[in-house]
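# Observations on chain architecture
Letter by letter, the chains look like this.
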Amino acid sequence: MSEAGADLGYTKAELMIAASARQLGGVSNCFVGVGLPNIVCNLAQRTVAPDLQLVYESGVFGARPERLPLSIGDPTLATGSTAVTSMFDLFAFYLQAGLIDVAFLGGAQIDRHGNLNTTVIGDYADPKVRLPGSGGACEIAIHARQILVIMRQAQRSFVERLDFRTSPGHSGDPAHDAARGWHGGGPSSVVTDLATYGFDDATGEMTLRTLHPGVRLDDVRDNMGWEPRIASDLDETRPPSEEELGLIREELDPGGVYTK
Amino acid sequence: MSKVATMQDAVRDLVRDGDTVAIEGFTHLICFAAGHEIIRQRRRDLTLARMTPDVIYDQMIGAGVASKLIFSWMGNPGVGNLHAVRRRIEKADPAPLEIEEYSHFGMVCRYMAGASNLPFFPIRSYYESDIPSVNPKIVPMSSPYDEDDQVFVVPPLNPDVAIVHAQRADAGGDAQIWGLLGCQKEVAFAARRVIVVVEEVVEESVIRRDPNRTVIPGAVVDAVVEEPFACHPSFAQGYYDRDNRFYLEWDRIAKEPETLEAWLDEWVYGLSNHAEYVQKFGDAHWDGLRPEPALSGEVDYGRYA
């Protein structure tokens, strides 16, 4: 696998952040997670989505964090926000009623249809690794109109078959998905440390869209548990711009907590 | 009527072996001091409920106070795992831990049902998820008005004891909270017994000047404990910041049963109360966690005499 990222003047994390932020153009209400998604959303707010409202499951709508939050319940999210709500209001009125345009999810395992496992590796009753569980992910996957996934890619995380389905993605049958009657349209993109993916309209299957600079198709194949569907116009991921790198390094994560 | 008590007395009188206990607070206002007192008084066989079992329940479960956990997300937020909880779930080391899990919205609605005296609460969640297959209490149900409209229902959760932290309350237990609200209100109304722990006990007139900020009325409160810094390493908005370094350090402490036991000996069993814990950290530590002020604007309720 290429480790050329550093030679190109940016880290893998910085590339993942920039590539994800560009997908938020025109988005209004975005459910933010901690870590990379948090930097992604703050970058998008300063570039492609100036009207982006940052929503946190801790009950914050319209956050304006003055420092990089280290958890989704950081006090900097409450101070100066548009609204602090009860968690019932947040999940019922904002999420379940369909106000959330985009949400970020990740997981220990993802399958080719974007179903996610954050519950357990191995058997539920006799787990090899007990993971955190759903948190809000299950209902976020169902109600946010679009799901963006950010996670590192490997054989053990991009799997043919999940050990546990915590949060539903596409079913593989678009007619079934259209009849679900949920607000959620399921995952629309996956950004990894190697590549970016969309989802095929006809099959709901993850489709390789761009390879990061220096990454070969074989690197991608070697790091997933199925043979990937490849877009006919497979392209290279556009590297982060000077402006994007400046914002990430000087404003959003000056300590390099998530981007080194 | 004053309900002011010491933490020691409140836990002794209101938390019993075998109880279902909920110490709530979503990142914010997690009452670690109450957890430590429960450990110190060596309660046993508790069912611990909490949306996000984090370091406080790792400490309590590591100390052996609980036999069951009801939750929706377990972890050390922003850091990683709960090692003591995982040892018990994955290896039954040193004893098994029964678990019952939901999603966040499911847990919120369990408290809502409990607080509202409802037999269940319907939500649109769990569709095509494996969660109901491992928790038979999450049940699919058709709408009585539209057979094709399916929801899932969750049962009420009425803990024997809720322990909620708030910034301030009067001596009668009327408690005000600002910043992240978590499920403090819902769990307090749902629980049979309620301990409110505050940074400051204030005059009733302070509460009455801003009634919209009162989240929990004294009518449902059994004891009020004044215990500054009781949330550490969690935080109280406007009073002190989250001690993120402690959360990182806990990862190392909890990794081995021996280091966890040594920590409990030094910081819980070795101290008689939370004031000693605060003193042991020293003033410089607390000064470092104090935020700059950011006062709210005032509103005019008007006087209608």
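It should be emphasised that the depicted structure is a prediction, and the values quoted were computed from it without experimental measurement.

## Overview of the pairing of strand S3 (residues 66-71) of chain B
All names here are of chain B. Burial runs high along S3: 5 of the 6 residues are buried. In this structure, strand S2 (residues 46-49) lies alongside S3, joined through 4 bridges in parallel fashion. Directly across from Ala-49, in S3, lies its bridge partner Ile-70. In terms of strand pairing, S3 meets strand S4 (residues 98-101) through 4 bridges, oriented parallel. Within S4, the position partnered with Phe-71 by the bridge is Glu-101. With helix H4 (residues 83-91) bridging S3 and the parallel S4, this β-α-β connection has right-handed handedness.

## Focus: the side chain of Asp-19 of chain B
Residues and elements named next belong to chain B. Along the polypeptide, Asp-19 turns up in the loop between helix H1 (7-14) and strand S1 (20-23). Within the structure, Asp-19 has its side chain in polar contact with the side chain of Arg-193 (distance 2.6 Å). Excluding anything up to four places from it in sequence, Asp-19 contacts Leu-14, Leu-46, Thr-47, Asp-160, Val-161 and Arg-193.

## Brief notes about the confidence of the model for chain B
Put simply, chain B has an average pLDDT of 97, and 100% of its residues get 70 or more. This complex was scored by the predictor with a pTM of 0.96 and an ipTM of 0.96.

## Section: the sheet that holds strand S5 (residues 121-123) of chain B
Residues and elements named next belong to chain B. Taken together, 3 strands build an open sheet; the order of strands is S5-S7-S6 and the sheet is antiparallel. Of all the strands in the sheet, just S5 and strand S6 (139-143) have a single pairing partner and so form its edges. Averaged over all pairs of adjacent strands, the angle between strand axes in this sheet comes to 50°, irrespective of strand direction. Where S5 meets strand S7 (residues 146-154), 3 bridges bridge the pair, whose relative direction is antiparallel. Its bridge partner being in S7, Ile-123 is matched across the sheet by Phe-152. The strands that helix H5 (residues 104-116) touches are S5 and S7; relative to S5, the one it contacts most, it runs at about 155°.

Definitions and limits used
Here the residue numbers are simple positions, counted from 1 along each chain's written sequence. As they are written, the chains are lettered A onward and the ligands numbered 1 onward, keeping that order. Since the coordinates come from a predicted model, pLDDT governs what is reported: local features require at least 70, and pairs of side-chain atoms require 80 or more to be given and counted, while whole-chain, interface and lining totals use all residues. Heavy atoms throughout the structure, all of them, feed into the side-chain values; hydrogens and water do not. The classification of residues rests on relative accessible area computed with a 1.4 Å probe and restricted to protein chains. Under 20% of the type maximum is buried, over 50% is exposed, and intermediate values are partly exposed. Each helix is a run of H or I in the DSSP string that is no shorter than four residues. Each strand is a run of E no shorter than two, and both are numbered from the N terminus. For two strands to be treated as a pair, DSSP must find at least two bridges joining them. The crossover handedness rule: strands pointing away from the viewer, path from first strand over the helix to second strand clockwise, crossover right-handed. Side-chain atoms alone can form a polar contact between residues adjacent in sequence; in general such a contact is a pair of N or O atoms within 3.5 Å, and within protein one must be able to donate a hydrogen while the other accepts it. The contact criterion used throughout is that any non-hydrogen atoms of two residues lie within 4.5 Å. On a scale of 0 to 100, pLDDT captures the predictor's confidence in every residue. Note on definitions: angles span 0 to 180 degrees between N-to-C directions of axes, and those axes are lines fitted to C-alpha atoms, for helices only across the stretch in contact.

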